[in-house]
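A closer look at the structure
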Amino acid sequence: MELLVDNIKKLTINNFNKLKKIFVDVQEKYGSSYILQKNLFIFILLLIFVLILILNYNTPLIADDYNYSYIYSTNGMVKNIVDIVKSQINHYFVWGGRSVVHFLAQFFLLLGKPLFNIINSLGYVFLIVLIYIHCIGDIRIFKNGKPSLLILINLLIWFLMPAFGQTILWLTGSANYMWGTIIILLFLFPFRLYKGKHGQKNVITSTVMLFIGIMAGWTNENTAAATIFLAFLFIIYYLFNKMKVPVWALFGLTGSIIGFVVMMIAPGNYVRLDVIALEGTLFSRIIKNIATHSGTLVRNVGIMFIFYSILLVFLYNSKNSVKIKMFFSSFLYFVASITAVYAMVLSPHFPERAWFGIIVFMIIALLTMCFNIFSNQIIRQIIISIIVNLLPVFAFQY
């Protein structure tokens, strides 16, 4: 029996080492050629699309999907865009201020589930690409990117999201959280890529950023609050590095604040609050929520804290001033993630779905660090080992 166990262990280790070697060889081969790397990227994205499409196809309409098929607070079905506008006006005054994401939910319902399955799968792939671009700080993903980073993003979302199905596959939940986060990452896109060299006074860019900022601030409460703080931190970062603060950044920040205020002052928020039973004083609830949220934070992203700390040690020991400077880009997302957690201390309820944006920001913070010290052989081996270990588990769970 012991001999059998030993043989199984040896076989497992040998297969693991072979798989790891293949992964390393492919990474090196495709990393050296623009065309091959581009083809690998496209293949990975197509594979992700197919996998998520299958899951979307097997997810039925659930719960609120039926409620939002009607003009809110009426018995009339939503039949066109005008009906959705009427519905969201009612929703704003009766139930809540998340007009942007609930507009998307009702629009998707209007299109129908079969078409939504395709759009939502494309949206998930787009989310992966946006996270990737935020990590590397460059839109030239084929030239400067690494396919392993793309795979790792998808695996981290799969394993770390506490409510994957409710935030990515469920129609109403996806509109609220995944698509809301897509809007937020699009809004933050120019902030991340800005190098202080162009576009300071572009009127069109400033107008677009004002509009997208309003949309981003009007998505969902905790992630929108963190987004505003992150945009503000980027502006401070520009000033600290003696970069010109672009006008579009100020317009974007202003727009996000406007959107957030409009969402928070919705009369429906207070109508909903009246039906929730609150216990204890405001101060006691805040203290209790801080303790509870801190425990959940450790449980949900504690492992990422550990890896982030390890990467910090490697980055510090590298003595590379350019890489150390790049750390601050990562740290901004780290701070935004923590901000999104404690923005909920006044809320009577903190559902698992609301962790979506928090974990996305934390993934960006962690993988930004990985990308900037990926040339380090030890870190490279750790990342590849993580991927090789997680892929079989992913395949089994899928």
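Up top you'll find the structure we're talking about.
Procedures and definitions
- Residues numbered from 1 in each chain as written.
- Predicted model: local features only at pLDDT ≥ 70, side-chain atom pairs only at ≥ 80, totals over all residues.
- Heavy atoms only, no water.
- Helix = DSSP H or I, 4+ residues; strand = E, 2+ residues; numbered from the N terminus.
- Buried < 20%, exposed > 50% of the residue type's maximum accessible area, 1.4 Å probe, protein only.
- Contact = heavy atoms within 4.5 Å.
- Core = buried A, V, L, I, M, F, W, Y, C linked by side-chain atoms within 4.5 Å.
- 1 Å grid on protein atoms, 1.4 Å probe; cavity = no way out; pocket = protein on both sides within 12 Å on 5 of 7 lines; lining within 4 Å.
- Points joined across faces, edges and corners; volume = space filled by probe spheres on them.
- Polar contact = N/O pair within 3.5 Å; in protein donor to acceptor, adjacent residues only side chain to side chain.
- Axes fitted to C-alpha atoms, helices over the stretch in contact; angles between N-to-C directions.
- Left-handed = near helix turned anticlockwise from the far one by under 90°.
- Nonpolar A, V, L, I, M, F, W, Y, C, P; charged D, E, K, R; others polar.
- Expected span 1.5 Å × (residues − 1).
- Arc of directions from axis to C-beta.
- Phe/Tyr/Trp six-rings, centres within 6.5 Å; stacked < 30°, edge-to-face > 60°.
- Lys, Arg positive; Asp, Glu negative; His and termini not counted.
- Salt bridge = Lys/Arg side-chain N within 4 Å of Asp/Glu carboxyl O.
- Patch = residues over 30% accessible without salt bridge, like charges linked within 9 Å, V, L, I, M, F, W, Y side chains within 5 Å.
- Areas by Shrake-Rupley, 256 points an atom, 1.4 Å probe, with all protein chains shown as cover.

Here we take up the overall build of the protein. Across its full length, the protein holds 18 helices and zero strands. A buried classification covers 49% of the 398 residues belonging to the protein. Excluding contacts between residues fewer than 6 apart, the proportion of contacts in the protein whose partners are at least 24 apart in sequence is 81%.

Let us look at the nonpolar core. The biggest cluster of nonpolar side chains holds 110 residues, and the ones touching the most others in it are Ile131, Ile157, Phe164, Phe191 and Leu367. Here this core takes 14 residues from helix H17 (residues 356-372), the largest share from any one element. Excluding its chain neighbours within four sequence positions, the residues that come into contact with phenylalanine 191 are Met209, Ala231, Phe234, Ile235, Tyr238, Trp248, Ala249 and Leu253.

In the structure shown here, the tally under the stated rule is one cavity of 30 Å³ or more. When its volume is computed, the largest cavity comes out at roughly 70 Å³. For the largest cavity, the full set of lining residues is Ile48, Leu51, Ile52, Leu55, Tyr124, Asn154, Trp158, Phe164, Phe394 and Tyr398. When contributions to the lining of the largest cavity are tallied by element, the ones reaching two or more residues are helix H2 (34-57) and helix H8 (147-160). The element best represented in the lining of the largest cavity is H2, accounting for four residues.

On the secondary structure map, asparagine 269 appears in helix H14 (residues 267-274). Among the polar contacts made by the side chain of asparagine 269, one reaches the main-chain amide nitrogen of glycine 97 at a distance of 3.4 Å. Excluding its chain neighbours within four sequence positions, the residues that come into contact with asparagine 269 are Trp95, Gly96, Gly97, Met263 and Met264.

A separate point is the packing of helix H4 (residues 81-94) against helix H5 (residues 99-111). Remark: H4 packs on H5, axes separated minimally by 10 Å, with the N-to-C direction vectors making an angle of 145°. Two packed elements cross with a definite hand, and for H4 against H5 that hand is right-handed. Every residue of H5 that contacts H4 at Ile81, Ile84, Val85, Ser87, Gln88, His91 and Tyr92 is listed here: Ser99, His102, Phe103, Gln106, Phe107 and Leu110. A per-class count over the contact of H4 with H5 returns seven nonpolar, six polar and no charged.

Along its 18 residues, helix H13 (residues 247-264) runs 26 Å from first to last C-alpha, staying within 8% of the 26 Å computed at 1.5 Å per residue. Burial in H13 covers these residues: Trp248, Ala249, Gly252, Leu253, Gly255, Ser256, Gly259 and Met263. For H13, the angular spread of the buried residues around the axis is 160°, confining them to a single face.

Before going further, it helps to spend a moment on unusual backbone geometry. One non-glycine residue with positive phi stands out, namely alanine 63, at about 50°. With respect to the helices, strands and loops of the structure, alanine 63 is situated in the loop between H2 and helix H3 (64-67). Non-glycine residue serine 73 carries a positive phi angle of around 70°. Turning to its location among the elements, serine 73 is positioned in the loop between H3 and H4.

This part covers the packing of aromatic side chains. Applying the stated criterion across every chain, the model contains 22 aromatic pairs. Their ring planes at 70° and their centres at 4.9 Å tell us that tyrosine 194 and tyrosine 238 sit as a pair that is edge-to-face. In this pair, tyrosine 194 sits in the loop between helix H10 (171-193) and helix H11 (203-217) while tyrosine 238 sits in helix H12 (residues 221-240), placing the two residues 44 residues apart along the sequence. Accessibility classification places tyrosine 194 together with tyrosine 238 in one group, the buried group. On the basis of an interplanar angle of 50° and a centroid distance of 6.3 Å, the ring pair of tyrosine 333 and phenylalanine 361 is categorised as tilted. With a gap of 28 residues between them, tyrosine 333 in helix H16 (residues 321-342) and phenylalanine 361 in helix H17 connect regions that are remote in the sequence. Like phenylalanine 361, tyrosine 333 is buried. One aromatic cluster in this structure is built from Phe187, Phe191, Tyr194, Phe234, Tyr237, Tyr238, Trp248, Tyr333 and Phe361.

Turning next to the side chain of aspartate 83. Structurally, aspartate 83 can be placed in helix H4. Here aspartate 83 occupies a buried position and makes no salt bridge, while the nearest side chain of opposite charge, lysine 86, is found at 4.4 Å. Look past the residues within four positions of aspartate 83 in its chain and what remains in contact with it is Ile71, Met77 and Val78.

Looking at the secondary structure, you find lysine 288 in helix H15 (residues 282-317). With a relative accessible area of 55%, lysine 288 lands in the exposed category. For the pair formed by lysine 288 and valine 345, sequence separation is 57 residues and the distance between their alpha carbons is 8.5 Å.

Once that is clear, we can look at a nonpolar patch on the surface. Residues Ile81, Val85, Ile89, Phe93, Val94, Trp95 and Leu110 make up a contiguous nonpolar surface patch of about 570 Å² in total accessible area. By residue number, the principal contributor to the nonpolar patch is H4, which donates five residues. Within the element layout of this structure, valine 85 appears in helix H4. On the basis of relative accessibility, which here comes to 40%, the residue valine 85 falls in the partly exposed class.

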